[in-house]
Protein chains: 2
Amino acid sequence: MNFKLLIQYDGTDFHGWQVQENQRTVQGELEKVIGKIENREVKVIGSGRTDAGVHAEGQVANVHLKRLFTPDKLRAAINGNCGRDLRILKVETVSDEFHSRFSAKLKTYVYRVVNAPVMSPFWLRFAHHEPRFLNIDKMSEAAKLFLGEHDWTAFSAARSDVENRVRTVTDFVINSYWDDCAGAPVIEFRISSHGFLRYMVRSIVGTMLEVGRGEKDSDTILAAIESGTRKLAGQTAPASGLTLLKVEYE
Amino acid sequence: MNFKLLIQYDGTDFHGWQVQENQRTVQGELEKVIGKIENREVKVIGSGRTDAGVHAEGQVANVHLKRLFTPDKLRAAINGNCGRDLRILKVETVSDEFHSRFSAKLKTYVYRVVNAPVMSPFWLRFAHHEPRFLNIDKMSEAAKLFLGEHDWTAFSAARSDVENRVRTVTDFVINSYWDDCAGAPVIEFRISSHGFLRYMVRSIVGTMLEVGRGEKDSDTILAAIESGTRKLAGQTAPASGLTLLKVEYE
């Protein structure tokens with residue numbers, strides 16, 4: 001039976017999604033817990049990796065199991081044996097062909113920034129802190145440059161075994177709302193694509209923050225995209241602000 | 001100079017507000033940090049204690065210092081030397097007579113409950129998890145019983161050196177709103193009074209949760225208030241759901 005898992009994790013205390021020896025990872029913890037339930041080694045297939053410190057409100061994975069479970073029983077069995085910073089929200093049975101990575105149609109990430117003189121402890125784990133003024137209009141204008149099909153070499157990790165760095169960003173919106181607890185605006189960068197390269201969202205957001213602070217203009221961004229020159233892009237924004245929001249399937 | 005501090009803390013890793021030997025407390029950390037800045041022992045006067053694990057979005061304290069600081073300089077000096085789960089949002093100079101406890105007119109606490117089958121890791125530190133159905137209408141109806149001046153013996157810590165347990169609850173409202181991240185309703189109990197007894201809010205909320213689950217009725221609550229019998233009240237709700245929201249002054 002093939003089970004689809006809807007997963008949330010606070011990435012703060014994980015070394016990312018992918019299994020690594022001697023490190024706590026989300027995939028590693030799930031494979032250990034489900035392996036015990038199933039009483040054999042299992043492979044948990046994620047929709048994609050997330051880096052160390054990155055969160056997920058809607059990660060999707062699937063796992064093929066021999067034992068029969070009702071979805072709710074499997075969910076309870078996994079949750080009962082994981083750290084509380086990792087939770088399966090939902091389990092569904094799906095066709096054997098379903099593959100959480102290959103079947104995915106669209107992924108959406110959100111990057112949150114608290115734009116305040118002092119960082120509220122309540123946002124500390126899940127947002128980046130920027131005390132300097134950010135010009136939302138300028139950032140929203142620049143966000144349009146990132147839409148569509150481009151080679152994202154300038155906005156991705158230098159070392160990577162990915163050869164084709166062309167991806168299509170279908171949506172990129174910036175929302176700012178007042179948060180009573182922070183006593184300040186929280187700015188959300190929401191970006192959707194069929195697929196992302198490593199560090200791509202954090203590199204785009206880091207560039208946008210420089211635009212918001214008036215340190216970078218549209219011409220530089222266009223040049224970065226066209227030439228694939230990393231030093232024209234902004235600094236990679238910290239992992240803590242980034243959350244995988246949802247993965248969509250047909 | 002007398003400085004008024006607006007303070008936030010994630011209470012998870014503190015043993016409450018009040019100084020205790022060999023324990024990390026909010027008052028203890030502030031007195032240590034400000035004492036170093038001032039180069040002598042200082043006393044930080046809080047509006048009131050919060051228990052271990054209880055949070056604050058708007059705790060208020062004051063401290064008399066001999067050194068002259070601009071408010072922003074003092075804020076930066078304190079924040080630069082505290083753990084990141086403790087932050088001074090604002091510093092103001094106030095008259096020498098201002099006393100954060102004696103001058104306080106009204107305190108408001110919020111208690112948050114995630115009413116979902118599975119607890120989202122993003123709410124784990126700041127809300128209590130209740131998987132069972134909670135009837136909001138029944139709770140809102142019962143909340144009216146807690147308004148006004150009462151002896152709160154049944155809803156406070158048994159061991160306490162407080163003699164007068166009469167307090168006046170001026171406001172008690174329950175709000176439920178859908179939270180996308182939790183994938184479920186978050187229920188907020190918001191309660192205001194000039195002063196609270198130890199465990200009073202958590203005991204009232206614990207009682208309300210029993211009402212919401214259909215385990216306790218209005219007659220029992222009235223009997224608890226009138227007789228001061230602790231066993232008629234509900235279980236004290238866990239500290240993690242409780243946050244001191246604000247302290248108001250004239």
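Here the structure is a predicted model, which is why all the values come from computation and not from measurement.

Cut-offs applied
Along each chain, the written sequence defines residue order, and numbers are assigned to residues from 1. Chain letters start at A and ligand numbers start at 1, both assigned in the order the entries are written. Owing to the predicted nature of the model, reporting of local features is limited to residues with pLDDT of at least 70; listing and counting of side-chain atom pairs is limited to 80 or more, with chain, interface and lining totals taken over all residues. Remark: hydrogens and water are excluded; side-chain values derive from all non-hydrogen atoms of the structure. We call two residues contacting when some pair of their heavy atoms lies within 4.5 Å. What counts as buried area is the accessible surface, traced by a 1.4 Å probe, that two parts surrender upon association, with contributions from both included. Throughout this description, the term salt bridge denotes a Lys or Arg side-chain nitrogen within 4 Å of a carboxyl oxygen of Asp or Glu. Polar contacts, as counted here, are pairs of nitrogen or oxygen atoms within 3.5 Å of one another; within protein the pair requires one atom able to donate a hydrogen and one able to accept it, and residues that are adjacent in sequence qualify only if both atoms are side-chain atoms. Comment: elements are numbered from the N terminus, with helices defined as DSSP H or I runs of at least four residues and strands as E runs of at least two. Throughout, exposure labels follow a simple rule: accessible area from a 1.4 Å probe, protein chains only, divided by the maximum for the residue type, with under 20% read as buried, over 50% as exposed, and the rest as partly exposed. What marks off one domain from the next here is an automatic or database domain assignment. Lys, Arg, Asp and Glu make up the charged group, whereas Ala, Val, Leu, Ile, Met, Phe, Trp, Tyr, Cys and Pro make up the nonpolar group; the residues left over, Gly among them, are polar. Directions pointing from the helix axis toward each C-beta atom define the arc. Least-squares superposition of the copies uses the C-alpha atoms of those residues scoring a pLDDT of at least 70 in each of them. At least two DSSP bridges between two strands are required for those strands to pair. To obtain an axis, a line is fitted to C-alpha atoms, over the contacting stretch when the element is a helix, and the angle between two such axes runs from 0 to 180 degrees between their N-to-C directions. Oblique is the label for every angle not falling under 35 degrees (roughly parallel), over 145 degrees (roughly antiparallel), or within 65 to 115 degrees (roughly perpendicular). A clockwise turn of the near helix away from the far one marks a right-handed crossing, whereas an anticlockwise turn of less than a right angle marks a left-handed crossing. Put simply, two rings from Phe, Tyr or Trp (the six-membered ring, in Trp's case) pair if the centres are within 6.5 Å, and we call them stacked under 30 degrees between planes, edge-to-face over 60, tilted for the rest.

Let us look at the interface of chain B and chain A. With 24 residues of chain B at the contact, the number on the chain A side is 24 residues. Of the roughly 1,900 Å² buried at the junction of chain B and chain A (both faces included), carbon and sulfur atoms supply 68%. Sorting the residues of chain B by area buried against chain A places V118, P121 and F122 of chain B first, and these three jointly supply 33% of that buried surface. At the junction of chain B with chain A, the criterion picks out 0 salt bridges. In this structure, the connection of chain B to chain A is made through 4 residue pairs in polar contact (both at pLDDT 80 or more). Elements supplying a minimum of two residues to the side of chain B that touches chain A: β1 (2-9), β3 (55-64), α2 (71-79) and β4 (86-94) of chain B. In terms of residues, the side of chain B that touches chain A owes the most to one element, β4 of chain B, which gives 4 residues.

It is worth spelling out the pattern of salt bridges at this point. One pass over the full model with this rule turns up 31 salt bridges over all chains. As a salt-bridge pair, R125 of chain B and D10 of chain B come within 2.9 Å of each other at their nearest N and O atoms. Of this pair, R125 of chain B sits in the loop between β5 (104-114) and β6 (128-129) while D10 of chain B sits in the loop between β1 and α1 (26-38); the two residues are 115 residues apart in sequence, bridging distant segments of the chain. A relative accessible area of 4% places D10 of chain B in the buried class. Each of E57, R112, E188 and R190 of chain A takes part in a single network of salt bridges with overlapping partners.

With that settled, the discussion passes to unusual backbone geometry. Located in the positive-phi region is Y199 of chain A, a residue other than glycine, with phi close to 70°. Overall, the relative accessible area of 30% leaves Y199 of chain A in the partly exposed class.

All names here are of chain A. Domain assignment breaks chain A into domain 1 (2-94) and domain 2 (106-248). Between the C-alpha centres of domain 1 and domain 2 the distance comes to 27 Å. A combined buried area of about 1,200 Å² lies between domain 1 and domain 2, and 48% of that area is made up of carbon and sulfur atoms. Contact with domain 2 buries area across many residues of domain 1, yet D51, H55 and E57 alone supply 41% of it, more than any other trio. At the junction of domain 1 and domain 2, the tally comes to 5 salt bridges. The tally of links from domain 1 across to domain 2 stands at 11 residue pairs in polar contact (both at pLDDT 80 or more). Split into classes, the residues belonging to the side of domain 1 that touches domain 2 amount to 4 nonpolar, 8 polar and 5 charged.

Residue and element names in this part refer to chain B. Listed in full, the buried residues belonging to helix α5 (residues 218-227) are I221, A224 and I225. In an axial view of α5, the angular spread of the buried residues amounts to 95°, which keeps them on one side of the axis. Those residues of α5 that are exposed and aimed more than 90 degrees away from the buried face are D219 and E226. For α5, the elements touching its buried residues are α3 (136-143), β7 (148-151) and α4 (200-212). Where α5 terminates, the next one or two residues include G228, which has phi positive at roughly 70°.

Looking now at the relation of the copies chain B and chain A. Superposition record for chain B on chain A: RMSD 0.0 Å, screw rotation 180°, translation along axis 0.0 Å. What the superposition gives is, in effect, a two-fold axis relating one chain to the other. Of the interface residues in chain B, 100% have counterparts in chain A that sit at the interface too, so the contact is made through matching surfaces.

It is worth spelling out the pairing of strand β8 (residues 166-179) of chain B at this point. Residue and element names in this part refer to chain B. As paired strands, β7 and β8 are joined by 4 bridges and run antiparallel to one another. Within the sheet, the bridge partner assigned to G148 lies in β8 and is V169. Counted between consecutive antiparallel strands, the loop separating β8 from strand β9 (residues 184-193) contains 4 residues, among which G183 sits at a positive phi close to 65°.

Residue and element names in this part refer to chain A. Direction vectors running N to C along helix α3 (residues 136-143) and helix α4 (residues 200-212) enclose 135°, while the axes themselves pass 8 Å from each other. In terms of orientation, α3 lies oblique with respect to α4. Relative to α4, α3 is oriented so that their crossing is right-handed. Mapping the contact onto sequence places K138, M139, A142 and A143 in α3 and M208, V211 and G212 in α4. Of the residues contributing to the contact of α3 with α4, the split by class is 5 nonpolar, 1 polar and 1 charged.

Residue and element names in this part refer to chain B. Scanning the entire structure with this criterion turns up 20 aromatic pairs over all chains. On the numbers, 4.9 Å between centres and 55° between planes, the contact of F98 with Y249 is tilted. Of the two residues, F98 sits in the loop between β4 and β5 while Y249 sits in strand β10 (residues 242-249), which places them 151 residues apart along the sequence. Take F98: its relative accessible area is 11%, and that puts it in the buried class.

The next thing to look at is α3 of chain B. An α-helical turn contains 3.6 residues, so a residue and the one three or four places further along point in the same direction. All names here are of chain B. For α3, the full list of buried residues reads M139, A142 and A143. When α3 is viewed along its axis, its buried side chains cluster within an angular range of 105° and face the same direction. Along its buried surface, α3 packs onto β8, β9, α4 and α5. The backbone nitrogen of D137 has a side-chain oxygen 3.1 Å away, supplied by the residue at the start of α3, namely N135.

All names here are of chain B. Assignment of secondary structure puts I78 in helix α2. Residue classification places I78 among the buried residues on the basis of a relative accessible area of 0%. Residues I78 and I191 lie 113 residues apart in sequence; the distance between their C-alpha atoms is 30 Å.

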